[in-house]
Amino acid sequence: MTAKQLTPEIEAWIEQRWSRFPEGAAGKALTLGVLYQAQETFGHVDTEVIDIVADRLGVTAAHVRGVATFYTMINARDVGRYHLQVCTNIGCMLDGAYELFDRCKARLGVQNKGTTADGNVTLSEVECLAACGYGPVAQIAERGKPEIPLYFEHLDEKKIDAILDALEAGNVPTELGR
Amino acid sequence: MGENLKIISQHFDDPQARHLDHYETHGGYRMARKSSSMAPGDIHGEVKASNLRGRGGAGFPTGVKWGFVPKDAETVYLVVNADESEPGTFKDRHILFWNPHMLLEGMIIAARSLGVRNAYIYIRGEMQREFRVLQDAVDQAYAKGYLGEGIFGSDFDLDITICRGLGAYICGEETALLSSLEGGRGWPRLKPPFPAVKGLWGQPTIVNNVETIANLPWILEHGGQAFADLGVGRSGGLRLVSVCGHVNNPGVYELPLTVTGNDLIEMCGGMREGKAVKGIIPGGVSMPVLTADELDVPFEFDALQNDERIREVETAPGVKFDLGGGRTLRTMAGSGGVVVMDETTDITKAAWRILHFFADESCGQCTPCREGTGWLASVAHRVAFGHGRAGDVELMASIADGIAGNTICALGDAAAWPTLAFLTKFRGEFEDKVKNSHDAAPAGAAGGAP
Ligand SMILES: Cc1cc2nc3c(=O)[nH]c(=O)nc-3n(C[C@H](O)[C@H](O)[C@H](O)COP(=O)(O)O)c2cc1C
Ligand code: SF4
Ligand code: FES
């Protein structure tokens, strides 16, 4: 297996941004952005990815690891092809989010942060997605498709079933999202 | 100015509005152009006169904050806080999505006044769609020569760079945000020094909320005094309020500061199924709850803090919570995120969910917050789900009291204040839960449906 490499897109992104930060501060400042894009490329952030990012930005691996473990959007392990994130915070809870989350768990046969055996769907309970008036709300991300993350609002049993059916069949029901 | 004046939200829901050309047909970028050749002090003068107060949570007067930047500063940074993640709050996301150019225009005006060469927008990582819209808007502005070198043909240079968060509520706190922008963990820093004196890379930095900055084009066009006149007392302008919960028409409303809690419910089409109100959180879940009989007070910064119709928060029946210096706590306008709860709401479960959030999001740097929020969440959980123990109500109050005022950043207070307010105003509900508690605690109760 060939060693992992940052993509030309990430390299171009780094080049373009470097001068926006003061002398000597850019490498560190770009850590979050490069980590996120590396995760999009490789699926998750492991020690190898951490070393590559640290090397490229001229910062220590310990620094990159510290950042990677602090932020919830960086995953140490692969998530499913689809990542279904259901908000259960106060606004959505008042609209019945927990009942829907339980339904997702039951249908997918997983607990919070679990991935279905076929690697298709990861289910996560997330905090407020800043759409509280349109709850319950979920966000779906699809691996390798940065344009996909969509919000699904005013969820009810019917809608969540339709979403789960679609994910099982291998597509994101974009017509239900926005 | 008409009754239904809208400053920021006029073109919400118009998908064309986010395009630069369209924004310009409505008069957009005229004030940015004008500002690029204005004396910085004149812009600052209008902002001071406007009584604009920060819309991010603390309500601090924007003109005063800008005045803290040392006069001889060589490098000053402007940072827009687009991390919106206070539960119940969803108004900045609307600005980013529907009206991104108004934010950029406001940033140009602020940057001109503050002598900024490099400005940053820190946008919440989860907002992928808003990020794309905003990046598009920035690219359009560069293409037009409204950003970059010599903007609008003046001698004023300005770069705006968008930086994305990666999922951490604490990064909305301004010093944590700066730590994150510098590329590190989102750890808050002790204040003082305040960012306006020593912020990003040790330089003076103004951090302002999205909505705060989006008001600047209007202020420059109509004058600071006109903005002040729209408001009341020491608070100028209108305000975006996001309403969620048990009303018929939740959503984002741009309203005068004279609007009360009761008005707001009416504007949102009343309560669902005609039910009665039990409580309203007026400014994001960090803020003390109001009860049904406290809703005749305007949702304005000073009124919510001082109006005697709002009960003072207590640490025990009859013992007022000391906010420091003998001041008491009623509530605050916070982020404008309003959560309406009807009579069927189990307040103990609402309190638990809020505390569960803070426990999850504590960055762990200070012991009272790290230990206290976790402990509060677990006691609140057992009370809410029928396993409370004698003394739990007092225990929650004493944990909260031990956190308040003893931490590096205000997340500690953000967990403590609502706890004390729920206990002050709905004490009976918590006590009943404890009284009727069953003994055997089932395993894995944390996922239970409220
Ligand atoms: C825990 C915590 C979270 C915060 N989250 C946000 C946020 O998401 N957005 C925001 O604008 N301000 C947030 N603030 C307030 C900021 O620290 C800061 O006061 C604000 O961005 C200043 O801008 P303003 O003066 O324009 O309001 C938060 C504060 C705390 C203590
Ligand atoms: S109060 Fe809490 S969130 Fe703030 S610095 Fe301390 S531990 Fe971190
Ligand atoms: S509470 Fe679910 S989006 Fe805010």
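Residues numbered from 1 in each chain as written. Chains lettered and ligands numbered in written order. Predicted model: local features only at pLDDT ≥ 70, side-chain atom pairs only at ≥ 80, totals over all residues. Heavy atoms only, no water.

A. Layout of the site of ligand 1. Residue and element names in this part refer to chain B. With respect to spatial proximity, 17 residues lie near ligand 1, and among them G56, K65, N208, N209 and T212 are the closest. A distance of 3.0 Å is found between an oxygen atom of ligand 1 and a backbone nitrogen or oxygen belonging to E174. Isolated, ligand 1 exposes 620 Å² of accessible area, and the fraction of that covered by the protein chains is 89%. Of the residues forming the shell around ligand 1, the biggest block, three residues, is contributed by strand 4 (residues 205–209). A class-by-class count of the residues in the shell around ligand 1 yields three nonpolar, eight polar and six charged. (Near = heavy atom within 4 Å. Polar contact = N/O pair within 3.5 Å; in protein donor to acceptor, adjacent residues only side chain to side chain. Areas by Shrake-Rupley, 256 points an atom, 1.4 Å probe, with all protein chains shown as cover. Helix = DSSP H or I, 4+ residues; strand = E, 2+ residues; numbered from the N terminus. Nonpolar A, V, L, I, M, F, W, Y, C, P; charged D, E, K, R; others polar.)

B. Layout of the confidence of the model for chain A. Residues at a pLDDT of 70 or more form 99% of chain A, whose mean pLDDT is 94. At the level of individual helices and strands, chain A shows its lowest average pLDDT in strand 5 (residues 145–152) of chain A, which scores 84, and its highest in helix 2 (residues 26–29) of chain A, which scores 98. (pLDDT = per-residue confidence, 0-100.)

C. The domain arrangement of chain B, seen in detail. Residues and elements named next belong to chain B. Domain annotation for chain B reports domain 1 (15–230), domain 2 (239–344) and domain 3 (346–450). Domain 1 and domain 3 are separated by 36 Å when their C-alpha centres are compared. With 11 residues of domain 1 at the interface, the matching set in domain 3 holds eight residues. Buried area between domain 1 and domain 3, summed over both chains or domains, comes out near 830 Å², and the portion from carbon and sulfur atoms is 74%. Interface area lost by domain 1 to domain 3 is led by Y169, I170 and P188, which between them contribute 54%. In this structure, the connection of domain 1 to domain 3 is made through zero salt bridges. The interface formed by domain 1 and domain 3 includes two residue pairs in polar contact (both at pLDDT 80 or more). Each residue belonging to the side of domain 1 that touches domain 3 can be placed in one class, and the counts come to seven nonpolar, two polar and two charged. (Domains from an automatic or database assignment. Contact = heavy atoms within 4.5 Å. Buried area = accessible area lost by both parts, 1.4 Å probe. Salt bridge = Lys/Arg side-chain N within 4 Å of Asp/Glu carboxyl O.)

D. Representation of the site of ligand 2. Lining the immediate environment of ligand 2, one finds 13 residues, of which B:C363, B:C366, B:C369, B:T407 and B:C409 sit closest. Its residues assigned to classes, the shell around ligand 2 comprises eight nonpolar, five polar and no charged.

E. Local environment of the packing of aromatic side chains. Counted under the stated rule, the structure contains 18 aromatic pairs over all chains. When the centroid spacing of 6.1 Å and the interplanar angle of 40 degrees are considered together, the rings of A:Y98 and B:W352 count as tilted. Of this pair, A:Y98 sits in helix 7 (residues 97–108) while B:W352 sits in helix 14 (residues 347–361), each in a different chain. With relative accessibility at 3%, the residue B:W352 sits in the buried group. Between the aromatic rings of B:Y120 and B:W201, the centroid separation amounts to 5.8 Å while the plane-to-plane angle is 70 degrees, which identifies the pairing as edge-to-face. Taken together, the residues span a long stretch of sequence, with B:Y120 in strand 2 (residues 116–123) and B:W201 in the loop between helix 8 (174–181) and strand 4 at a distance of 81 residues. By relative accessible area, B:Y120 is classed as buried at 0%. In this structure an aromatic cluster arises from ring pairing among A:F21, B:Y77, B:Y120 and B:W201. Sitting over the face of the ring of A:F42, A:K4 holds its NZ or CZ atom 5.5 Å from the ring centroid. Of note, B:R112 hangs over the ring of B:F156, and the distance from its end group to the ring centre comes to 5.3 Å. (Phe/Tyr/Trp six-rings, centres within 6.5 Å; stacked < 30°, edge-to-face > 60°. Buried < 20%, exposed > 50% of the residue type's maximum accessible area, 1.4 Å probe, protein only. Lys NZ or Arg CZ within 6 Å of the ring centre and 35° of its normal.)

F. Up close: the state of the cysteines. All names here are of chain B. Per the counting criterion, the structure on display carries zero disulfides over all chains. Lacking any disulfide linkage, C171 is separated from the closest cysteine sulfur, that of C363, by 9.3 Å. Classification of C171 as buried rests on a relative accessible area of 1%. (Disulfide = S-S within 2.5 Å.)

G. Broad picture of the sheet that holds strand 2 of chain B. Residue and element names in this part refer to chain B. Here we have four strands laid out as an open sheet, ordered 3-2-1-4, and parallel in their pairing. Each edge of the open sheet carries a strand with a single partner, namely strand 3 (159–164) and strand 4. Strand-to-strand twist of the sheet, defined as the mean angle between neighbouring strand axes without regard to direction, takes the value 20 degrees. Two strands pair when backbone bridges link them, and strand 1 (residues 76–82) and strand 2 are joined in this way by seven bridges, in the parallel orientation. The partner of V76 across the bridge, within strand 2, is V116. (Pairing = 2+ DSSP bridges. Axes fitted to C-alpha atoms, helices over the stretch in contact; angles between N-to-C directions.)

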